[in-house]
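Structure at a glance
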Amino acid sequence: MSTDHLNIEVMLHPVPERLTPSTPTPYVNSMEQYQKLYKESITHPTLFWGKLAKDMLHWHKPFETVVSGGFLEGDVTWFAEGELNATYNCVDRHAKENPDKIAIIYEADEPDQSRYISYGVLLRDVCRLANTLKSLGLKKGDTVAIYLPMVPEAVVAFLACARLGIIHSVVFAGFSAEALRDRIQDASSRLVITADEGRRGGKTIHTKKIVDTAVKECPTVEHVLVFRRTGSEIPFKAPYDLWWHEELEKHRPYCVPEVMNSEDPLFLLYTSGSTGKPKGILHTTAGYLLGAAATFKYVFDYHPNDIFGCMADIGWITGHTYIVYGPLCNGATTVLFESTPVYPTPSRYWQIVDKHKITQFYTAPTAIRLLRRHGREHVEGYDLSSLRVIGTVGEPINPEAWEWYYEVVGKKKCAIVDTYWQTETGAAIISPLPGAIPTKPGSATLPFFGIEPVVLDPITGQELKSNNVEGVLAVKKPWPSLARTIYNNHHRYLDTYLSQYKGYYFTGDSVGRDKDGYYWIRGRVDDVINVAGHRLSTAEIESALITHESVAEAAVIGVKDDLTTNAIHAFTTLKPRFADTTDEKDLILQVRKVIGPFAAPKKIYIVNDLPKTRSGKIMRRILRKISEKEEDQLGDLSTLSDPSIIPTLIEKVRNS
Ligand code: WTA
């Protein structure tokens, strides 16, 4: 398919006012400069990354080899002999230089409860927690599960682990007890760090109760450390359960950082893949930290004194990279936002931009679309003149939402950065650079330094070298922040990312490259569905449904949705003896219970039969067409074992 139908010239947005040539001057100032630097980064990756690593990170021991290994063997290695500590880089060096500088602005669920945490205070808290972890016998290489709401203590927990070389495995606090249990078990975590309760959008989340249910089946867990967020009465069993405030009080506020090798693991983060079992993506210390720090600085054009506001949750990769590691490694002030874009009103985002004088603001397209629906009156009346760069992540942004963000929020004076990346890539890999790359609404534009994207023919695997092509997106050479493996499952890592197209890293996304070489991400080509920027697996939701006693079969599909990019629809058949006692609500509850509320299907259809091929394979393509009300495009039905079921399915969907 050609991209000629897109009227690209008309949509090209020049670099906006607040970045030319006003202060601070953007690091990369023109397209020519970007192209020159990009070319250097590709022709001399060793020089490029080697210099950046020396400039941006503090090394206890310098590295000698910049990069070794590759995609063929899956043994990518960066900065091999180097030694460093991620927390030293993110906290100590800034606390020494400027202890009173604010590291974290905590914007709590209730607007009047902000807290400001300086680098000096952050260092002392991190050290107290690190000493607590040590006193519990935890050491380098152990894993700790972090299941916390968006409170500053979550950042303290990340950094206390990293200080000791303990691998943190953060589980998004919207996951259910069963999902948390599976992740604790897979990583054999020895400790869970959690809170009594969470608060979000004025509602209470019973965090500790969820942990209690999860750890019942987790024999590796020795203790649960509980931060007091709300102070409500909760079930508490000492000495298995420990209070954060009581333990930290016992320990001195300094702890020597453990010196780590560049390739020592920094963290695990579970993400959905094509099968039902989530995969523990493993990131290593130096490469990840450099990717986070470098993209933070250049993609957001971060300058000292900027206030950076990333609205993601720390439970996802965006929070790891652009709330915690990227900003703190640069000594920045980062905003930690506990609430939702609509609590207490749809002005909340703009209220906090105004209140904290945020300079870079980063959120998901779904949030923009939602706020656009609420109307521009909710944006008016707030002073947004501090903003220079406004970003999006997680899903494609449609041009209408892009234009609204550009005009109503950015007042046509801010650069929009539509950043494309993945849990596995660690940091943004395709994105505009503010001040340098003219934007086109809906395109993530051009690759970051050192990233060589390629468009492959999905069938032959051949590189499509010209412009104006469509195919699947892969990357040609390793870059520092690429995930190194799937925890305890290197085979799956090779199979998923490196074997499908030999010699390349395969993203799982389809893409177009237009006549100007700009990239347009189209969506996943595997069984992953992107819902409101959350990554969900059809197989995972299907297996959640099938574990319900009534369900015989389940087929889950992603259906186009104006607000959330895709919505989940599920078709199920029931076991005959449960046919009269089970309804759609029971099945939605089942998904909430097994995965979490954010994975609940928008629609569930209980049907008598699913469309299958003669060999018994469910034809999800047909279900998708029916759900999208495109019955006239069902295509060839002759391979179905029983085509007569189709009219009934169409009627069911039409009448729902
Ligand atoms: C999608 C989130 C279009 C894509 C950082 C990718 C995007 C998946 C964009 C990764 C974007 C992310 N435009 N699609 N700017 N950014 N995606 O691991 O399908 O939660 O593969 O990482 O989100 O989701 P993940």
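In case you missed it, the structure is sitting above this.
The structure contained in this document is the topic of the report that follows.

Analysis parameters
- Residues numbered from 1 in each chain as written.
- Predicted model: local features only at pLDDT ≥ 70, side-chain atom pairs only at ≥ 80, totals over all residues.
- Heavy atoms only, no water.
- Phe/Tyr/Trp six-rings, centres within 6.5 Å; stacked < 30°, edge-to-face > 60°.
- Lys NZ or Arg CZ within 6 Å of the ring centre and 35° of its normal.
- 1 Å grid on protein atoms, 1.4 Å probe; cavity = no way out; pocket = protein on both sides within 12 Å on 5 of 7 lines; lining within 4 Å.
- Points joined across faces, edges and corners; volume = space filled by probe spheres on them.
- Helix = DSSP H or I, 4+ residues; strand = E, 2+ residues; numbered from the N terminus.
- Nonpolar A, V, L, I, M, F, W, Y, C, P; charged D, E, K, R; others polar.
- Near = heavy atom within 4 Å.
- Polar contact = N/O pair within 3.5 Å; in protein donor to acceptor, adjacent residues only side chain to side chain.
- Buried < 20%, exposed > 50% of the residue type's maximum accessible area, 1.4 Å probe, protein only.
- Pairing = 2+ DSSP bridges.
- Contact = heavy atoms within 4.5 Å.
- Arc of directions from axis to C-beta.

Points about the packing of aromatic side chains
A complete count under the given rule lists 42 aromatic pairs for this structure. Of the aromatic side chains, those joined through ring pairs into one cluster are Y27, Y34, Y38, F48, W49, W59, F63, W78, F79, Y298, F448 and F449. Above the ring of W243, the side-chain terminus of R228 is found at 4.5 Å from the ring centroid.

Regarding empty space enclosed by the protein
To find leftover empty space, one rolls a probe the size of a water molecule over the atoms. Tallied over the entire structure, the rule returns four cavities of 30 Å³ or more. Of the pockets and cavities examined, the largest cavity occupies roughly 70 Å³. Here the element with the most residues in the lining of the largest cavity is strand β20 (residues 415-419); it accounts for three residues. Looking at the lining of the largest cavity, its residues break down into 13 nonpolar, two polar and no charged. Counted as a void, the second largest cavity has a volume near 50 Å³. In terms of lining, the second largest cavity is formed by W49, G291, T295, A427, A428, I429, F448, I451, W479 and S481. Residues belonging to the lining of the second largest cavity are distributed by class as follows: seven nonpolar, three polar and no charged.

Re the site of the ligand
Of all residues adjacent to the ligand, which total 17 residues, the nearest are D418, T423, D509, R524 and R535. In this structure, a nitrogen atom belonging to the ligand sits 3.4 Å away from a main-chain N or O atom of E395. Take N530: an N or O atom from its side chain is 3.3 Å from an oxygen atom of the ligand. Secondary-structure elements contributing two or more residues to the shell around the ligand are α11 (317-329), β20 and β25 (519-524). Each residue belonging to the shell around the ligand can be placed in one class, and the counts come to six nonpolar, six polar and five charged.

Observations regarding the pairing of strand β8 (residues 191-195)
For a regular strand, side chains alternate in direction, first toward one face of the sheet and then toward the other. Within β8, five of the five residues are buried, which leaves it mostly tucked inside the rest of the structure. The two faces of β8 match: L191, I193 and A195 on one face and V192 and T194 on the other face are all buried. Pairing of strand β6 (residues 143-147) with β8 involves four bridges; the strand directions are parallel. Bridging across to β8, V144 finds its partner in L191. As paired strands, β8 and strand β11 (residues 223-227) are joined by five bridges and run parallel to one another. Bridging across to β11, V192 finds its partner in V224.

Topic: the environment of M619
Along the chain, M619 falls in the loop between β30 (603-606) and α18 (620-627). Taking the C-alpha atoms as reference points, M619 and E64, separated by 555 residues in sequence, lie 53 Å from one another. For M619, the contacting residues outside a window of four places in its chain are P611, K612, T613, T639 and L640.

Some words on helix α15 (residues 490-498)
Among the residues of α15, those classed as buried are R492, Y493, Y497 and L498. On an axial view of α15, the arc spanned by its buried residues comes to 165°, and they lie on one face. Residues of α15 that are buried make contact with β15 (279-284), β23 (485-486) and β24 (505-513).

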